[in-house]
Amino acid sequence: MTELPAGTGPLFTDPDPDAARAFFRAKSRALKDKVMPVREAVARFVHDGDYLASGGFGSNRIATAALHEILRQRRRELGFAGHTATHDFQILAAGNLDGGRLLARVDVAYIVGLEARGLSPQARRVMESGDVQVCEWTNFALACRLQAAAAGIPFLPARNMLGTDTFARSGAKEIRCPFTGKKLVALPALYPDVAVIHVHEADCFGNCRIYGISVADRELARASKRVIVTTERLVSNDEIRRTPHATAIPAFCVDAVCVVPHGSYPGNMPGAYFSDERHLREWLNAERDESELRRFLARIIYGVSDFDEYLEVCGGAARLEELRDLELNPGQPRTA
Amino acid sequence: MAEYSPTELMICAAARLLEDGATVGVGTGAPCAAAMLAQRTHAPRLFIAFEAGGLAPQLPSMPISVGDSRTFWKALMATGMADVLEACQRGMMDYTFLGGGQIDPYGNLNSTVIGPYEKPTVRFPGSGGANDFASFCWRTMVMTRQDARRFVEKLDFCTTPGYLDGPGAREAAGLPAGSGPYKVITDLAVLGYDPATCRMQVESVHPGVTFAQVQANTGFELKCAPQVTTTAPPSAQELSILREQVDPYRYVIGR
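Note that the structure is predicted; figures quoted are calculated from it, not measured.

1. Considering the overall build of chain B
Here's step 1: For chain B, the helix and strand inventory stands at seven helices and 14 strands.
Here's step 2: Here the C-alpha radius of gyration of chain B, 17 Å, is about what a compact globule of 255 residues would show, namely 18 Å.
Here's step 3: Its C-alpha atoms give chain B principal-axis dimensions of about 45 × 45 × 35 Å.
Here's step 4: Each of the 255 residues in chain B was classed as buried or not, and the buried ones make up 60%.
Here's step 5: Put simply, of all contacts in chain B between residues at least 6 apart along the chain, 65% involve residues at least 24 apart.

What follows is the structure in structure tokens.
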């Protein structure tokens, strides 16, 4: 039998479903109050060396407060699922400044760029240094890897990546379909150690609602061993039970619920506030020069004690009101 | 005749390739502008899909991210990434528009690295959804500026499949049969592919542009399609819709 091609990229996580089942068997299903400050959630559930995943879509519905706290608590040697990672990746890449190694291993589907806003100079420096281990995937590939993990199976077959260097530098393997004989790519299950996900509403147990696109967060919450949820609003359990079809993430996936109004700032939160393009431009500009970036981070992350202080530094209630107006009236210039 | 920029012509030429009722997966920037223009002119029932989960929005303004709230404004559905890309994989996406740092004669794209992979000169974002769209959609279109550094005989890294290395290569690799590159729309010309060789060829040159100019801005040998025409310039109606409705703040056309 001829050997089928396989990617040469490293697998940063174990796709074994029985190892995952052993973990999930011991995970609490109890409906207990999980509300806690972001500082406590990160201290308890994000450890040095963990493999981290970030929900939302780069600059949309992201758990900014949790990401900032990971920097403030100086986590090191993290693996990361670079799944449509834009501003979230930019925040984490700042943790590699000055010889720090927040990011050590990255599964890449989309990193370094901020879509139409351009490339992040700091993320480029980190990824061009050769110091961070990488493995290539695609957006669909990482979504499938999370789906496989959520389903408790070791891989999912798909028909992307075939014939390309993306496959050659991935950790995927080619297989033959037992029914049709067709070539398929086997995408190994991805079980992150910890995920940070921002949602519109959650109850104190961690039952979550997302208004708008879910991106890959339904799968991510189920695939991850530990889940920190940040939420715009806390709602009652009665409210969740009134419309159970609206629950996107069930409580038994969730370990911590942190109430963080405007928690996706400077990202967009559908129906609530638009992204702060002025602030994102400031980030990109500050990154051009490392000493300027150091000053910038001292002002917005390391020099503030929590997310509310960060919001104040960025313009506070007046700015947030402008972003709310921009979100609800999309015909205006977005840099207003 | 109305004055127009090369970017405006690219967007108009791309928009005309989308027929009413078709499905198209797009990203931000010029491809999104083309889809919005098509929706506001000849293709009001164009079904626009964004990989982050927005299905068939009535785009109120130019999105800045393929996952921002504009991408599901008055949409038919706000779903997830797997759902959208699975629809592509099962054959329901007619078109996609992509960009990229480099493109080769077979329409393969590089958006991963320039230089050696282990220690790249430039690290680009990677595939994102580009490899997925180009693997699954029936017809892949590329919108890009044309110069000899972008249009190269050999890519530094093949992120996204075009015709790979020629006729039959996609099917041999296991990619879905009958899918693949369709057009390349640049600031100089509209290019297609020679069915016999799967190599890029010029189908129309933009007004005032010669074939020699297109060749001079391409790092590999170009052929001509059996009939090379001149790209129709933007109409006054297309230009006014593009400038007043699609991109009034010139995010794309001002570049």
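2. Overview of the overall build of chain A
Here's step 1: Broken down by element type, chain A carries 13 helices and eleven strands.
Here's step 2: Relative to the compact-globule value of 20 Å for 336 residues, chain A shows a C-alpha radius of gyration of 20 Å, a close match.
Here's step 3: A buried classification covers 56% of the 336 residues belonging to chain A.
Here's step 4: For chain A, long-range pairs separated by at least 24 residues make up 80% of all intrachain contacts whose partners lie at least 6 apart in sequence.

3. Overview of the interface of chain B and chain A
Here's step 1: Listed by partner, the interface residues are 53 residues for chain B and 55 residues for chain A.
Here's step 2: At the level of elements, helix H3 (81-89), helix H4 (130-136) and helix H5 (169-173) of chain B are the ones that each hand at least two residues to the side of chain B that touches chain A.
Here's step 3: A class-by-class count of the residues in the side of chain B that touches chain A yields 24 nonpolar, 21 polar and eight charged.

4. Here we look at the pairing of strand E10 (residues 139-143) of chain B
Residue and element names in this part refer to chain B.
Here's step 1: Counting buried residues in E10 gives four out of five residues, a clear majority hidden from the surface.
Here's step 2: Of the strand pairs in this sheet, E10 and strand E11 (residues 180-185) are connected by five bridges, and their pairing is parallel. Along E11, the bridge assignment pairs Arg139 with Gly180.

5. Observations concerning helix H2 (residues 38-45) of chain A
Because each turn of an α-helix spans 3.6 residues, side chains separated by three or four positions in sequence point in the same direction.
Residue and element names in this part refer to chain A.
Here's step 1: Of all the positions in H2, only Val38, Ala41, Val42 and Phe45 are classed as buried. Considered in projection along H2, the buried side chains sweep an arc of 95 degrees and stay on one side of the axis.
Here's step 2: Of the surrounding elements, those touching the buried residues of H2 are helix H3 (64-72), strand E8 (194-202), strand E10 (226-234), strand E11 (256-259) and helix H12 (307-313).

6. Side note on the nonpolar core
It is characteristic of soluble globular proteins that their nonpolar side chains tend to be buried jointly.
Here's step 1: Of all hydrophobic cores here, the largest spans 188 residues; its most connected members are Val229(A), Ala34(B) and Leu37(B).
Here's step 2: Examining the composition of this core, we find that nine residues originate from one element, helix H6 (residues 139-151) of chain A, more than from any other.
Here's step 3: Residues contacting Ala34(B), with those up to four places away along its chain left out, are Ile11(B), Ala14(B), Ala15(B), Phe97(B) and Met143(B).

7. Here's the deal with the confidence of the model for chain B
Here's step 1: Per-residue pLDDT for chain B averages 96, and the proportion of residues at 70 or more is 100%.
Here's step 2: For this predicted complex, the interface score ipTM comes out at 0.97, alongside a pTM of 0.97.

8. Observations concerning the pairing of strand E12 (residues 189-193) of chain B
Residues and elements named next belong to chain B.
Here's step 1: For E12, a buried count of four out of five residues is recorded, marking the element as mostly surrounded by other parts of the structure.
Here's step 2: Across two bridges, the pairing between E11 and E12 is antiparallel. Each bridged residue has a counterpart across the sheet, and for Val184 the counterpart in E12 is Leu191.
Here's step 3: As consecutive antiparallel partners, E11 and E12 are separated by three residues.
Here's step 4: By the bridge criterion, five bridges tie E12 to strand E13 (residues 200-205) in an arrangement that is antiparallel. Directly across from Val190, in E13, lies its bridge partner Ser204.
Here's step 5: The turn joining E12 and E13, which pair antiparallel and follow one another in sequence, is formed by six residues; a positive phi near 65 degrees is taken by Cys198.

9. Looking at the sheet that holds strand E7 (residues 183-188) of chain A
Across a sheet, strands are paired by hydrogen bonds formed along the backbone, either parallel or antiparallel in direction.
All names here are of chain A.
Here's step 1: Overall, antiparallel pairing links the three strands, which are arranged E5-E7-E6 in an open sheet. If you trace the sheet from one side to the other, it starts and ends with strand E5 (155-158) and strand E6 (173-176), each paired once. Ignoring strand direction, the axes of neighbouring strands in this sheet form an average angle of 40 degrees.
Here's step 2: Bridging between E5 and E7 involves four bridges; their strand directions are antiparallel. Considered in E7, the bridge of Ala158 is made with Val185.

10. Some details on the environment of Trp137(A)
Residue and element names in this part refer to chain A.
Here's step 1: As for its position among the elements, Trp137 is in the loop between strand E4 (133-136) and H6.
Here's step 2: Classification of Trp137 by C-beta neighbours within 10 Å gives buried; the count is 32.
Here's step 3: Taking the C-alpha atoms as reference points, Trp137 and Ser54, separated by 83 residues in sequence, lie 16 Å from one another.
Here's step 4: Non-local contacts of Trp137, meaning those with residues more than four positions away in its chain, are made with Asp107, Val108, Ala109, Leu142 and Ser170.

11. A word on helix H2 (residues 30-40) of chain B
Residue and element names in this part refer to chain B.
Here's step 1: Taking burial as the measure, the eleven residues of H2 include ten buried ones, the bulk of the element.
Here's step 2: For H2, the complete set of buried residues consists of Ala30, Pro31, Cys32, Ala33, Ala34, Ala35, Met36, Leu37, Ala38 and Gln39.
Here's step 3: In this structure, the buried residues of H2 make contact with helix H1 (6-16), strand E1 (23-25), strand E2 (47-49), strand E5 (95-98), E10 and helix H7 (236-246).

12. As for the environment of Asp306(A)
Here's step 1: Within the secondary structure layout, Asp306(A) lies in the loop between helix H11 (290-302) and H12.
Here's step 2: For Asp306(A), a count of 15 C-beta atoms within 10 Å puts it in the partly exposed group.

13. Regarding the packing of H1(B) against H2(B)
Residues and elements named next belong to chain B.
Here's step 1: One way to put it is that H1 packs onto H2 with a least axis distance of 8 Å and a crossing angle of 55 degrees. On the basis of their axis angle, the class for H1 and H2 is oblique. Seen along the crossing, H1 lies across H2 with a hand that is right-handed. In this structure, H1 uses Thr7, Met10, Ile11, Cys12, Ala14 and Ala15 to contact H2, whose residues at the interface are Ala30, Ala33, Ala34, Leu37 and Ala38.
Here's step 2: Per-class residue counts for the contact of H1 with H2 are ten nonpolar, one polar and no charged.

14. A word on the packing of H6(A) against H3(B)
Here's step 1: Relative orientation of the contacting elements H6(A) and H3(B) amounts to 115 degrees, with a least axis distance of 10 Å. H6(A) and H3(B) meet at a crossing whose hand is left-handed. Seen from H6(A), the contacting residues are Asn139(A), Phe140(A), Ala143(A), Cys144(A) and Gln147(A); seen from H3(B), they are Met81(B), Ala82(B) and Leu85(B).
Here's step 2: Across the contact of H6(A) with H3(B), the residue classes break down as six nonpolar, two polar and no charged.

15. Looking at the environment of Thr230(B)
Here's step 1: In this structure, Thr230(B) sits in strand E14 (residues 223-230).
Here's step 2: Each C-alpha atom of the pair Thr230(B) and Pro207(B) lies 6.0 Å from the other, and the pair is 23 residues apart in sequence.

About the criteria used
Residues numbered from 1 in each chain as written. Chains lettered and ligands numbered in written order. Predicted model: local features only at pLDDT ≥ 70, side-chain atom pairs only at ≥ 80, totals over all residues. Helix = DSSP H or I, 4+ residues; strand = E, 2+ residues; numbered from the N terminus. Rg over C-alpha atoms; globule rule 2.2 N^0.38 Å. Buried ≥ 20, exposed ≤ 12 C-beta atoms within 10 Å, placed from the backbone. Contact = placed C-beta atoms within 7 Å. Nonpolar A, V, L, I, M, F, W, Y, C, P; charged D, E, K, R; others polar. Pairing = 2+ DSSP bridges. Arc of directions from axis to C-beta. Core = buried A, V, L, I, M, F, W, Y, C linked by C-beta atoms within 7 Å. pLDDT = per-residue confidence, 0-100. Axes fitted to C-alpha atoms, helices over the stretch in contact; angles between N-to-C directions. Parallel < 35°, antiparallel > 145°, perpendicular 65-115°, else oblique. Left-handed = near helix turned anticlockwise from the far one by under 90°.

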